[in-house]
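Reading the structure
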Amino acid sequence: MKMVQPMTYRVLSLLPFLFFLHIQLLPTGATTTYNVVTLGAKGDGKSDSTMPFLSAWDSACGSDHPATVYVPLGTYLLGKTMFSGPCKNGDITFRIDGTLVAPSDYRVLGNAANWLIFDRVSGVSVYGGTLDGQGTGLWTCKRSGQNCPTGATTLESSNSNNIFVSGLTSHNSQMFHIVINNCNNVKVQGAKVSASRISPNTDGIHVSSSSGVMILNSRIGTGDDCISIGPGTTNLWIQNIACGPGHGISIGSLGKDLNEAGVQNVTVNTVTFTGTKNGVRIKTWAKPSSAFVRGVLFQHATMVNVQNPIIISQNYCPDNKNCPRQVSGVRISDVTYQDIHGSSATEVAVEFDCSKEYPCNGITLEDVNLTYENKAAEASCVNAGGSASGLVKPSNCF
Ligand SMILES: *[C@@H]1O[C@H](CO)[C@@H](O)[C@H](O)[C@H]1NC(C)=O
Ligand SMILES: *[C@@H]1O[C@H](CO)[C@@H](O)[C@H](O)[C@H]1NC(C)=O
């Protein structure tokens, strides 16, 4: 009995100190988590969860320390959802264990340019997650030649910096799956993108007006370009991609507008193209334009039965409208193809069809070995200048 009093006293006297320790020892990276289910989202695939997602975002965005938006397992129906900044917080994480689905009736998103968008944010990371754009209805409408809405990009990041997307799965987008527009320093890794080979305009990843974008370790198969690169893209790095089905990796279409920014410093490294329409392509309109393409390296590509493994085409003019003399103003220079091998599905495996006013120059072919039906393939070169080194098959260009 006599010992109890002093012991109790001792413990109690330690409390303020323990409390102080607790505060001090909170890790500095401590993050507040906003669970969308706690905020009212329902993972039943039927209840509209747009508002709970937005309220999680608003809390994270308004927080002055690191914050996480957590999406547990389940299927969440979301309408058009804008995660907008600017935010107080430069460290926001989305951790997605569940699946986000778009409305199955494509008329709901209609002509909304995008379904999910991060706009004017800095320092956002997205881990995991499956996005289902439910595009099949719209594709059917478009293919039947009816008057259909344009549809929505599944996930867009625009006017933003320091974005990291890891392990995202996106299928059946109505339009493009992922768009990176007017951003700096974006890394997408481990993405899985899929849509039917006959789905119109379902590009995997589209980059435009952006600098410092990396796309790594991803598997993309759609009805359009696996990766498309638009005007104003600089310092782009693409590595370790499996592409197909689809239209390949394309710089372009460029030169649609008279005043247009160029594309500079693009590296495409280690890609396997399987059954695609194109491998590595540069495509421009046959119209006057200030745009250019310079400093491109296509390196270590394997072609498996690809229709146009290496192609530059500067004669794009659908419906032959507004293309005076069918001449492209886009200047293409300093493009290197290095270690490109495999099989072409057509006889012409290398095609350079350049502008008659601004011939392509500084095209380099190095260690290229493309075959057609186990025989040598052909090359077709118009208005293109450059050099070949190492083994180059087909070899009749330079
Ligand atoms: C080209 O882009 C890469 C990133 O893809 C970057 O590391 C490099 O510094 C850029 N080169 C120039 C000359 O800007
Ligand atoms: C070029 O590729 C073909 C088919 O893959 C192969 O049989 C041939 O040996 C290659 N040529 C060289 C010189 O590597």
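Note that the structure is a prediction, hence the values are computed from the model and not measured.

Take the nonpolar core next. With 90 residues, the main nonpolar core has Leu100, Ile251, Phe298, Ile310, Tyr337 and Phe352 as its most contacted residues. For this core, the domains that each give at least three residues are domain 1 (1–29 + 225–398) and domain 2 (31–163 + 175–182). Here Leu100 is in contact with Phe53, Val71, Tyr76, Leu78, Trp115, Leu116, Thr130, Leu131 and Asp132, once residues within four sequence places are set aside.

Looking now at helix H2 (residues 50–62). With 13 residues, H2 should reach 18 Å at 1.5 Å per residue; the first-to-last C-alpha distance of 18 Å fits that figure. Of the residues making up H2, those classed as buried are Thr50, Pro52, Phe53, Leu54, Ala56, Trp57, Ala60 and Cys61.

Attention now goes to the site of ligand 1. In the neighbourhood of ligand 1, the contacting residues comprise Asn235, Leu236, Trp237 and Asn265. At a separation of 2.4 Å, an oxygen atom of ligand 1 approaches a polar side-chain atom of Asn265. Compared with its free state, where it exposes 360 Å², ligand 1 has 38% of that area covered by protein. Broken down by element, the residue count for the shell around ligand 1 peaks at three residues, all from strand S18 (residues 234–243). Across the shell around ligand 1, the residue classes break down as two nonpolar, two polar and no charged.

So, on to the domain arrangement of the chain. Accessible area lost when the parts come together is the quantity often used to give the size of an interface. For the chain, the domain assignment lists domain 1 (1–29 + 225–398) and domain 2 (31–163 + 175–182). With centres defined by C-alpha atoms, the gap from domain 1 to domain 2 works out at 26 Å.

Before going further, it helps to spend a moment on the side chain of Asp203. The topology assignment puts Asp203 in the loop between strand S14 (192–194) and strand S15 (205–208). At 7.4 Å, Arg281 is the nearest oppositely charged side chain to Asp203, a buried residue that forms no salt bridge.

Once that is clear, we can look at the pairing of strand S24 (residues 331–344). The sheet contact formed by strand S22 (residues 292–306) and S24 spans 11 bridges and is parallel. Paired with Thr302 across the two strands is His341, which belongs to S24.

Take the site of ligand 2 next. Asn369, Thr371 and Leu391 make up every residue found near ligand 2. Within the side chain of Asn369, one N or O atom sits 2.4 Å away from an oxygen atom of ligand 2. Relative to its unbound accessible area of 360 Å², ligand 2 is 33% covered by the protein chains.

Under the counting rule described, the total for this entry stands at six disulfides. With its sulfur 2.2 Å from that of its partner, Cys61 forms a disulfide with Cys87. Across the S-S bond linking Cys61 and Cys87, the dihedral sits near -105°, which makes this disulfide left-handed. Highlighted residues: Cys61 in helix H2 and Cys87 in the loop between strand S5 (81–84) and strand S6 (92–101), separated in sequence by 26 residues. Through a disulfide, Cys226 is tied to Cys243; the S-S separation comes to 2.2 Å. Disulfide Cys226-Cys243: the torsion about the S-S bond is 90°, which places it as right-handed. Here Cys226 is found in the loop between strand S16 (211–221) and strand S17 (227–229), whereas its partner Cys243 is found in strand S18, with 17 residues between them in sequence.

Attention shifts here to the layout of surface pockets. Here the idea is plain: a probe the size of a water molecule rolls over the atoms and shows the empty space left. Within this model, the largest pocket holds a volume of roughly 730 Å³. For the largest pocket, the lining is made up of 27 residues, of which Phe176, Asn201, Asp203, Gly252 and Ser253 are closest to its centre. Residue assignment for the lining of the largest pocket shows that the elements contributing at least two residues are strand S12 (178–181), S15, S17, strand S19 (249–254) and strand S21 (278–285). Broken down by element, the residue count for the lining of the largest pocket peaks at three residues, all from S21. Structurally, the lining of the largest pocket is a two-domain feature, drawing no fewer than three residues from each of domain 1 (1–29 + 225–398) and domain 2 (31–163 + 175–182).

On to the sheet that holds S21. Read from one edge of the open sheet, 11 strands run S5-S7-S9-S12-S15-S17-S19-S21-S23-S25-S28, paired in parallel fashion. Each of the sheet's edge strands pairs with one partner strand only, and the pair in question is S5 and strand S28 (378–382). Recorded for the sheet is a direction-independent mean angle of 15° between the axes of neighbouring strands. The pairing of S12 with S15 spans four bridges and is parallel. Counterpart to Ile180 in the pairing with S15 is Val207. Lying over the sheet, H2 contacts S5 and strand S7 (114–119), oriented at roughly 5° with respect to S5.

Evaluation of the coordinates by the stated rule reveals five salt bridges. We note a salt bridge from Asp119 to Arg120, for which the minimum N-O separation is 3.1 Å. Relative accessible area serves as the criterion here: at 9%, Asp119 is assigned to the buried category. Judged by relative accessible area, Arg120 falls into the partly exposed class, the value being 42%. Arg325 is the partner of Glu357 in a salt bridge, and the nearest nitrogen-oxygen pair spans 3.3 Å. Separated by 32 residues along the polypeptide, Glu357 in the loop between strand S25 (348–353) and strand S26 (360–372) and Arg325 in the loop between strand S23 (308–316) and S24 bring together distant segments of the chain. Judged by its relative accessible area of 39%, Glu357 falls in the partly exposed class. Residue Arg325 is classed as exposed on the basis of its relative accessible area of 62%.

Scoring rules and cut-offs
- In every chain, residue numbers begin from 1 and rise along the written sequence.
- Whichever chain is written first becomes A and whichever ligand is written first becomes 1, with later ones labelled in order.
- Per-residue local features of the predicted model are confined to residues with pLDDT of at least 70, and side-chain atom pairs are confined, for both listing and counting, to 80 or more; whole-chain, interface and lining totals are unaffected and use all residues.
- Where side-chain values are given, they derive from all heavy atoms of the structure, hydrogens and water being excluded.
- Residue types Ala, Val, Leu, Ile, Met, Phe, Trp, Tyr and Cys, when buried and joined through side-chain atoms within 4.5 Å, form a set referred to as a nonpolar core.
- In this scheme, a residue with accessible area under 20% of its type's maximum is buried, one over 50% is exposed, and one in between is partly exposed, where area comes from a 1.4 Å probe on protein chains only.
- Domain limits in this description derive from either an automatic procedure or a database domain assignment.
- By the convention used here, residues are in contact when the closest approach between their heavy atoms is within 4.5 Å.
- Strands here mean DSSP runs of E at least two residues long; helices mean DSSP runs of H or I at least four residues long; both are numbered from the N terminus.
- Given a helix with a known number of residues, its expected span is that number minus one, times 1.5 Å.
- For each residue, the test is whether any non-hydrogen atom lies within 4 Å of the molecule or strand; if one does, the residue is near.
- Whenever a nitrogen or oxygen atom comes within 3.5 Å of another N or O atom, the pair is scored as a polar contact, on the condition that within protein one atom can donate a hydrogen and the other can accept it, and that pairs from neighbouring residues in sequence are kept only if both atoms are in side chains.
- Each accessible area value is a Shrake-Rupley result obtained with a 1.4 Å probe; residue values ignore everything except the protein chains displayed when judging cover.
- Note that Gly is not counted as nonpolar here; it falls among the polar residues with everything else outside the nonpolar set of Ala, Val, Leu, Ile, Met, Phe, Trp, Tyr, Cys and Pro and the charged set of Asp, Glu, Lys and Arg.
- Charged residues are defined narrowly, with Lys and Arg counted positive, Asp and Glu counted negative, and His plus the chain ends left uncounted.
- Each salt bridge in this description consists of a side-chain nitrogen of Lys or Arg and a carboxyl oxygen of Asp or Glu lying within 4 Å of one another.
- Two strands qualify as a pair provided DSSP detects at least 2 bridges between them.
- Cysteine sulfur atoms that come within 2.5 Å of each other are treated as a disulfide pair.
- Computed over the protein atoms alone on a 1 Å grid, cavities are sets of points where a 1.4 Å probe fits but cannot get out and pockets are open sets with protein on both sides within 12 Å along at least five of seven lines; a residue lines them when it has an atom within 4 Å of a point.
- Grid points are joined across faces, edges and corners, and a volume is the space filled by probe spheres set on the points.
- To define axes, lines are fitted to C-alpha atoms, for helices over the stretch in contact only, and angles between the resulting N-to-C directions are given on a 0 to 180 degree scale.

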